[in-house]
Amino acid sequence: MARTFVGGVHPPYRKGKTCFLPIERLSAPKTVVIPLLQHIGGINAPLVAVGERVFFGQKIGDSDAPIACPVHASVSGRVIALEKRAHPNGREVLSVVIENDYADEVHPSVEPKNMDDMSPADLLQWIREAGIVGMGGGGFPTHAKLTPPAGVTLDAVLLNGAECEPYLTTDHRVMVEWAEDVVLGLRCLMKVTGVKQGYIGVEVNKQDAVAELRRAVASARDIQIVPLAVKYPQGAEQQLIQACLNRRVPKGRRPVHIGVVVNNVHTAQSIAHSLRTGLPCVERVVTVDGASVERPGNVLVRIGTSFADVLTERGLTSEPYKLLSGGPMMGIAMHTPAVPVCKCTSGILALSRAESPATEAMTCVRCAWCIDVCPMLIYPTLIAQYGERGRTEEAEKYGALECHECGACTYVCPSHIPLVQWIRLAKSDIYARRNRG
Ligand code: SF4
Ligand code: SF4
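Criteria and cut-off values
- Residues numbered from 1 in each chain as written.
- Chains lettered and ligands numbered in written order.
- Predicted model: local features only at pLDDT ≥ 70, side-chain atom pairs only at ≥ 80, totals over all residues.
- Helix = DSSP H or I, 4+ residues; strand = E, 2+ residues; numbered from the N terminus.
- Rg over C-alpha atoms; globule rule 2.2 N^0.38 Å.
- Buried ≥ 20, exposed ≤ 12 C-beta atoms within 10 Å, placed from the backbone.
- Contact = placed C-beta atoms within 7 Å.
- Near = placed C-beta within 6 Å.
- Nonpolar A, V, L, I, M, F, W, Y, C, P; charged D, E, K, R; others polar.
- Expected span 1.5 Å × (residues − 1).
- Domains from an automatic or database assignment.
- Pairing = 2+ DSSP bridges.
- Axes fitted to C-alpha atoms, helices over the stretch in contact; angles between N-to-C directions.
- Parallel < 35°, antiparallel > 145°, perpendicular 65-115°, else oblique.
- Left-handed = near helix turned anticlockwise from the far one by under 90°.

Undergrad: An account of the overall build of the chain is needed here, citing residue identities and associated values.
TA: When helices and strands are tallied, the chain shows 13 helices and 17 strands. Computed over the C-alpha atoms, the radius of gyration of the chain is 21 Å, within 12% of the 22 Å expected from 2.2 N^0.38 for a compact globule of 437 residues. Expressed along its principal axes, the backbone C-alpha trace of the chain runs to roughly 65 × 50 × 50 Å. For the chain, the residues scored as buried account for 51% of the 437 residues in total. Counting contacts in the chain only where the partners sit at least 6 residues apart, residues at least 24 apart contribute 74% of the total.

Undergrad: Give me the site of ligand 1: which residues, what numbers.
TA: As a matter of local geometry, ligand 1 sits amid 16 residues, with Cys374, Pro380, Cys403, Cys406 and Cys409 nearest to it. Looking at the shell around ligand 1, the elements with two or more residues in it are helix H12 (408–412) and helix H13 (419–436). Here the element with the most residues in the shell around ligand 1 is H13; it accounts for three residues. Per-class residue counts for the shell around ligand 1 are 13 nonpolar, two polar and one charged.

Undergrad: Quick one: what's the story with helix H4 (residues 179–193), residue by residue and with numbers?
TA: Its 15 residues place the ends of H4 21 Å apart at the C-alpha level, agreeing with the 21 Å of an ideal helix rising 1.5 Å per residue. Buried residues of H4: Ala179, Asp181, Val182, Val183, Leu184, Gly185, Leu186, Cys188, Leu189, Met190, Val192 and Thr193, and no others. Where H4 ends, the next residue or the one after it, glycine 194, has phi of about 75 degrees, a positive value.

Undergrad: Residues and numbers for the site of ligand 2, please.
TA: Contacts to ligand 2 come from 14 residues, most closely from Cys364, Cys367, Cys370, Thr381 and Cys413. Here the residues of the shell around ligand 2 sort into eleven nonpolar, two polar and one charged.

Undergrad: Could you give an account of unusual backbone geometry, naming the residues involved and the relevant values?
TA: The peptide bond linking tyrosine 232 to proline 233 adopts the cis configuration, its omega dihedral lying at 0 degrees. With respect to the element layout, proline 233 can be found in the loop between strand E11 (223–228) and helix H6 (237–245). If you check the backbone angles, arginine 14 has positive phi at about 50 degrees while not being a glycine. Relative to the helices and strands, arginine 14 is located in the segment before strand E1 (24–25). With phi around 65 degrees, glutamate 405 is a residue other than glycine that occupies positive phi space. The topology assignment puts glutamate 405 in the loop between helix H11 (392–397) and H12. What makes glutamate 405 partly exposed here is the crowd of 16 C-beta atoms within 10 Å.

Undergrad: Which residues make up the domain arrangement of the chain, and what values go with them?
TA: Frequently, the measure chosen for interface size is the accessible area that the parts lose on association. Split into domains, the chain comes out as domain 1 (122–277) and domain 2 (369–436). When each unit is reduced to the centre of its C-alpha atoms, the spacing between domain 1 and domain 2 is 28 Å. With five residues of domain 1 at the interface, the matching set in domain 2 holds five residues. Considering only residue class, the side of domain 1 that touches domain 2 consists of three nonpolar, one polar and one charged.

Undergrad: How would you summarise the sheet that holds strand E6 (residues 71–72) if you had to cite specific residues and measurements?
TA: Pairing is antiparallel in the open sheet, where three strands are placed in the order E3-E5-E6. Each edge of the sheet is formed by a strand with only one pairing partner; in this case those strands are strand E3 (45–46) and E6.

Undergrad: Can you break down the pairing of strand E13 (residues 283–289) residue by residue, with the values?
TA: For E13, the tally of buried residues reaches seven of seven residues, placing the bulk of the element in the interior. Side chains of E13 alternate between two faces, with Glu283, Val285, Thr287 and Asp289 and Arg284, Val286 and Val288 buried alike. Direction of pairing for E13 relative to strand E14 (residues 297–302): antiparallel, over a ladder of six bridges. Following the sheet pairing, valine 285 is matched in E14 by leucine 300.

Undergrad: Explain the environment of glycine 326 residue by residue, including any values.
TA: Considering the arrangement of structural elements, one finds glycine 326 in the loop between strand E15 (322–325) and strand E16 (332–333). Sequence separation of glycine 326 and cysteine 344 is 18 residues, and the distance between their C-alpha atoms is 8.8 Å. What glycine 326 contacts, discounting residues up to four positions off in sequence, is Gly137, Gly331, Ile332, Ser346 and Gly347.

Undergrad: Quick rundown of the packing of helix H3 (residues 170–177) against helix H7 (residues 265–277)? Include the residues and the values.
TA: Here H3 crosses H7 at 45 degrees, and the two axes come no closer than 9 Å. On the basis of their axis angle, the class for H3 and H7 is oblique. Handedness of the H3/H7 crossing: left-handed. Each of Thr170, Asp171, Val174 and Met175 in H3 lies in contact with H7, whose residues at this interface are Val265, His266 and Gln269. When its residues are assigned to classes, the contact of H3 with H7 shows three nonpolar, three polar and one charged.

So this is what it looks like as structure tokens:
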């Protein structure tokens, strides 16, 4: 029977236009803009200068910060600018702009690796050097997730193949088309962590992915494919752990504190691809959809390709009313299509007005629907009210920091109150207060 968690919602999934289409490779653009920050953590320093020629796969930015991950050139060519450019996070971020020479001349350091010949420590270092981050949208450097704090023993590596966000089918296609790589990546993560049991959680609306993964795992008993009920946010780390392993992450703790490492299936596939080819993370699969897109689908895109280039290639039927990076529940609205595809860009949605109705917030009618659906069992309505009034201590007391910003509360609210936005504001005020000491 499909497993699940408490709470959650059932938005219209709208995956039908892309979930059965094979991944297509997008042609490399004339220029790529590679932000030096594509992960959670410290920004990288540039390792190249304007005018310098760079190779495909060359490391062009790195940092000594404990939580950071290098970035690499996704084309060969010449660096034509090193400047702040628009980033999907809404800010301007220092970026390396490379003019493509279309030679794809590979950096001499790029050579395939054999996982069996490498120690866990070597593999961990390789994952960092390959620039692997959480590709489900989180962007946390993968190597930093794989070292448990003192006193903690890891006993499960869990791959997230739920992909519960509407529209997005990136992970679905990765699992169907590259199931062997997903399993190889999982085995690599198990070797690094010393964990003997791996799990892949997949929502049951992806039966073809379940079948391909089962075929790739064959008769091995150390990897279990776990069918999950179709519900949002099934792919949130804590809900995934609850559904797959029947464990709860205690308040204020992370999955690693209960012995679990969670990674996205595309992250695992990317690790395997890096091992097989020697290439670092220089491309990813992106779902391109929305009523304004002429040819929706899943495309394999070089990191640094602009949203505008992707949309030009797929065609637009009309001017999008809203342009999103990611899905409609947790995605971020883009103010310009000049932003580049980064390692954690799972989707580009060019939505029409009908797909993203503007609604005016009204008074809370105290229906408690937001409380019923919250998978973290907190009080969205109260926390949002405190957030709106700047009463951060009360917001924190009622669990603001437990909120993972899934947006399920906002989705059900009949008064269209932007609960998650107020909670996000409360969280940033709480962190600012803490930083001030
Ligand atoms: S309060 Fe946070 S975790 Fe709970 S439903 Fe709202 S956004 Fe999701
Ligand atoms: S769902 Fe909206 S209207 Fe209902 S209690 Fe929550 S905030 Fe109030």
